[in-house]
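# Understanding the architecture of this molecule
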Amino acid sequence: MIFKNNFSTISYAFALSILWTASIAVIAIWSISEERKSTLNLATAEARAYFNKDQAVRLWATEHGRIYVPTTSNYPPDPNLSHIRERDIATPSGIKLTLINPARIIRELDENFGHLYGVTGRVTSLTPLAVENTPDEWEKQALYRLALGEKEIIELTTINGQEYLRLMQPLMVNTDCLLCHADQDFTPGEPGGGIGIALPMQELRTQETAAIVSNVTILLTLWLLGIASLIVGAWIISRQVTVRQQALKKLQRSEKRKGAIVETALDAIITIDKDDRILEFNPAAEKIFGYTAQQVMGEKMAELIVPEPLRQQHYEGFQKHLQTGEASIIGTRIETTAMRSDGSEFPVELAITRIDQKDYPLFTAYIRDITVNREMAQQLLHQASHDHLTNLLNRHSFEQSLRGLLDSMSINSQHCLMYLDLDRFKLINDSCGHAAGDELLRQLAVLLDDNAGDNNTLGRLGGDEFGLVVKNCTPEHALQIGRKLLAEIQNFRFYWGNKIFSLGMSIGLVSITDPGQDVTNLLRLADAACYRAKEEGRNRIIATSQFDGEILLRRKEIDWITHIESAFEQQRFILYQQPIHRIRGGDLPAIVAMEILLRMRDPKGQIITPDRFIPSAERYNSMAVIDRWVFRNTLHWLATHPDKKHIPPLVTINLSGTSVMDPLFLDFVLEQLQETSVPPGSICLEITETVAITNLSRARHFITKLRTAGCLFALDDFGSGMSSYGYLKDLPVDFLKIDGQFVQGMDKDPISLAMVKSINEIGQLMGKKTIAEHVANKNTMALLAEIRVDYAQGYYLGEPAPLDDL
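First, a word on scope: everything that follows refers to the structure included in this document.

Parameters and conventions
Residues numbered from 1 in each chain as written. Predicted model: local features only at pLDDT ≥ 70, side-chain atom pairs only at ≥ 80, totals over all residues. Heavy atoms only, no water. Helix = DSSP H or I, 4+ residues; strand = E, 2+ residues; numbered from the N terminus. Buried < 20%, exposed > 50% of the residue type's maximum accessible area, 1.4 Å probe, protein only. Contact = heavy atoms within 4.5 Å. Areas by Shrake-Rupley, 256 points an atom, 1.4 Å probe, with all protein chains shown as cover. Lys, Arg positive; Asp, Glu negative; His and termini not counted. Charge placed at Lys NZ, Arg CZ, Asp CG, Glu CD. Axes fitted to C-alpha atoms, helices over the stretch in contact; angles between N-to-C directions. Parallel < 35°, antiparallel > 145°, perpendicular 65-115°, else oblique. Left-handed = near helix turned anticlockwise from the far one by under 90°. Core = buried A, V, L, I, M, F, W, Y, C linked by side-chain atoms within 4.5 Å. 1 Å grid on protein atoms, 1.4 Å probe; cavity = no way out; pocket = protein on both sides within 12 Å on 5 of 7 lines; lining within 4 Å. Points joined across faces, edges and corners; volume = space filled by probe spheres on them. Nonpolar A, V, L, I, M, F, W, Y, C, P; charged D, E, K, R; others polar. Pairing = 2+ DSSP bridges. Expected span 1.5 Å × (residues − 1).

In this section: the overall build of the chain. A count of helical and extended segments in the chain gives 25 helices and 29 strands. Along the three orthogonal principal directions, the C-alpha set of the chain runs to about 205 × 85 × 50 Å. With 806 residues in all, the chain has 44% of them scored as buried. Summarising the internal contacts of the chain: among those between residues at least 6 apart in sequence, 63% fall at separations of at least 24. Only carbon and sulfur atoms are counted for the fraction: they give 54% of the accessible area of the chain, which is about 43,900 Å². The chain carries 81 positive and 99 negative side-chain charges, and their two centres are separated by 4 Å.

Between helix H19 (residues 663-676) and helix H21 (residues 696-709), the least distance of the axes is 11 Å, while the angle of their chain directions is 10°. Overall, the two elements H19 and H21 adopt an arrangement that is roughly parallel. When you trace H19 past H21, the crossing you get is right-handed. On the side of H19, the interface is formed by Pro 663, Phe 665, Leu 666, Val 669 and Leu 670, while H21 contributes Arg 698, His 701, Phe 702, Lys 705, Leu 706 and Ala 709.

What follows is about the environment of Glu 326. Counting through the fold element by element, Glu 326 comes out in the loop between helix H8 (308-324) and strand S10 (333-339). A residue is classified by how much of its surface remains accessible, and Glu 326, at 48% relative accessible area, is partly exposed. Among all residues touching Glu 326, those that are not within four sequence positions of it are Lys 320 and His 321.

Of all hydrophobic cores here, the largest spans 69 residues; its most connected members are Phe 613, Ile 653, Ile 683, Leu 715, Val 756 and Leu 784. When neighbours within four sequence positions are excluded, Val 756 is seen to be in contact with Ile 738, Phe 742, Val 743, Met 746, Leu 784, Ile 787 and Val 789. By size, the runner-up hydrophobic cluster in this structure holds 36 residues, among which are Phe 425, Cys 432, Leu 444 and Ala 452.

Moving on: unusual backbone geometry. A positive phi angle is found at Asn 160, which is not glycine, with a value near 55°. Secondary-structure assignment places Asn 160 in the loop between strand S5 (153-159) and strand S6 (162-172). Located in the positive-phi region is Arg 424, a residue other than glycine, with phi close to 65°. Looking at where Arg 424 falls in the secondary structure, it is placed in the loop between strand S13 (415-423) and helix H11 (425-432).

As a further point, take the layout of surface pockets. Take a probe with the size of a water molecule and roll it over the atoms, and the empty space left behind shows itself. Approximately 960 Å³ is the volume found for the largest pocket. Every residue lining the largest pocket is counted, 34 residues in all, and those nearest its centre are Glu 595, Leu 597, Pro 610, Asn 654 and Asp 716. Of all elements in the fold, only strand S21 (591-601), helix H16 (614-619), helix H17 (623-639), strand S24 (683-688) and strand S25 (712-718) reach the threshold of two or more residues within the lining of the largest pocket. Among the elements that make up the lining of the largest pocket, the one with the highest residue count is S21 (five residues). The class makeup of the residues in the lining of the largest pocket is 15 nonpolar, ten polar and nine charged. Empty space within the second largest pocket amounts to approximately 760 Å³. Along the walls of the second largest pocket sit 28 residues, with His 314, Ile 329, Ile 334, Leu 350 and Ile 352 positioned nearest its centre. Among the elements of the structure, strand S8 (268-272), helix H7 (301-305), H8, S10, strand S11 (345-356) and strand S12 (361-369) are those that each provide at least two residues to the lining of the second largest pocket. Among the elements that take part in the lining of the second largest pocket, H8 stands out by supplying seven residues, more than any other.

It is worth spelling out the sheet that holds S5 at this point. Within the open sheet, the four strands sit side by side as S4-S7-S6-S5. Their pairing is antiparallel. Each edge of the sheet is formed by a strand with only one pairing partner; in this case those strands are strand S4 (121-124) and S5. This sheet shows a mean twist of 30° between the axes of neighbouring strands, independent of strand direction. Examined bridge by bridge, S5 and S6 share seven bridges and lie antiparallel to one another. Across the sheet, Thr 158 pairs through a bridge with Glu 163, a residue of S6.

Turning to helix H12 (residues 434-451), a few remarks are in order. Over its 18 residues, H12 extends 26 Å from the first C-alpha to the last, a length consistent with the 26 Å expected when each residue adds 1.5 Å. What H12 keeps buried is the set Ala 436, Gly 437, Leu 440, Leu 441, Leu 444, Ala 445, Leu 447, Leu 448 and Asn 451. Two residues or fewer past H12, Gly 453 is found with a positive phi of approximately 100°.

Once that is clear, we can look at the side chain of Glu 399. Mapped onto the elements, Glu 399 comes out in helix H10 (residues 395-407). Once residues within four sequence positions are removed from consideration, Glu 399 is found in contact with Val 519 and Leu 523.

Here we come to the sheet that holds S12. The sheet built from five strands is open, its strands ordered S9-S8-S12-S11-S10 with antiparallel pairing. Where the open sheet ends on each side, the last strands, each with one partner, are strand S9 (278-281) and S10. For this sheet, the mean inter-axis angle between neighbouring strands, taken without regard to orientation, is 30°. As paired elements, S8 and S12 share five bridges and run antiparallel to each other. When the bridges of S12 are listed, Ile 269 appears paired with Tyr 366.

So, in structure tokens, the structure goes:
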């Protein structure tokens, strides 16, 4: 197609070139013709001028009658005038004069002075008076023609091979002419001869040729410019045609694609004119709205798919846009409501574009049915805000609901918050599996929801814990609801396989009276009250307030758990160490070991000692995590500090009862020793006397396994228990750390001294080394040396310091 159009362009250009060439050729021919005519006219005018000059001389001479010139050898008397009696005369002074006629005057002027004015004329006649005036052949023919009545003869002829313009006009006879020509039968008023002019054409032809060459050069230049313009124009047009054809092809392909898109689009595409009448209605629109394209063509769109409550708004906005050009939704995407052919309404996403035609605009609406999207969004929103297992509000949504309730509280309004925790849920989970636990939670969620009240908010806070907000309720009424829930739980039976379980629930209740209360604090108060209910025997409800001292203590313990978790996340735990010295007498003894201690740095950089956070960690089962962190980081530090010069040969690490009783922790210790390649003989693990005695068999197994691997053990705080000596022989430990409460007062209290002496003697008798803790002064050191205690530790010998500063 493009080649065909280019060929057409070349053909048009070729035809125009021929036309242009023909035009230039015609102009050139016409120009040459005009130039030649001009040359001929100029030559004719010049010849006539010469003729008029000769005619003037002749008339002047004739008018004067007789003209005499001195008789000389050059001007002898004219024999042709011998018939005139006064041909020759003499002046009074004796000068001889002879008559000269006009023909001779003209002839001699042309012969003698013709070079001054370029062209000579000559008087001739068929019956010349003088032989010199005898006509040549051309003149003779011209004289005949003049005799026949022609007024002027002009012709181009050649003389001696040169081109001449020859002109002859009649010489009319007057009475004065008869003086010389009396014998020639001339009649006045009739032609007696003629005056002929022979004008050479060479100079004029040279000028003519130069003019023609100039004109032809100009025309040739114009022709070349025209041809070049045609070539350039043809090239430009060809390019434009090519570009246009390519654009047309793209447009055609685009139109095909558009048609295919419109036909196969999943969204409804509807085009309307300025009168809101439908011009295009694709298959997707047919499917979405329930009309066929034939049914809607030419109908007003608003009457078919816009719900009646929105119809007026549609018309007003449409007319405003047509009148002012203002558009609130043109080129944007909005969500609105549409109507099907059966009158049902559904949500849609709408985008409108405007296309301006020559005379009027068109509007195309792209409409997507978002019913499924809305349902999915609502489902996702529900999933995000509800617990997937129980379909109750999840913790985040429950807290948001509680926060919204606090924000909307008036001064006199009152609500209550309950924290509900199932009793013995772990028993069912462990004995029957998680599937049973999940099913139990689902059934309990239904039970709690049925008895929680219509306007109250129930949510699952995690695990087997639930939260309940009782709105516009006094604590007394909330207690009644709580007791009802307890009764329902007690009456409930859970069946799983061939097993039947009865349940209990502990509930913590806190009153909400202050809109300024914090959601987190309220939940912590309720949680603390719930924990207290479990401690007091479970299956009961405990009401509390923000001023309850015991609950506040529980709340502080819970807060410390949060601080511990935050310290782990932000890496704010630090390892400290305190030296252990061998006792040798007076001088400061050598360091033989160091005890690893734990510190926490608060967000402001202040150091927090473990006595503030360890009790909470023990109560809320966080000690296993802390022990693992301390053990892992201690061994890592030892592995990355191979220089033994400044590191004591023995490092002691404290373990909690939780870790000692945990079989997995034993494996963890062995794995860490293997991974870091730290010699087990350089590690001494400290466990308290109370931990060891509480579960003697488990403690003995733990100690035996690690001692077999090479580790050493110390029994910490020995002497604080009531049956220390009875169990000592069953524990294969290497060191006894004498309880610091005895060591601190032994320099002043004989009983404390006796206790330390007794423990030391028994320990050494059983082959164990003794370590005195909390040594605070020189006197204590002297007494320890006196009773032969092996090692000492305390502020007097060295305060705890960061391990990295060792």
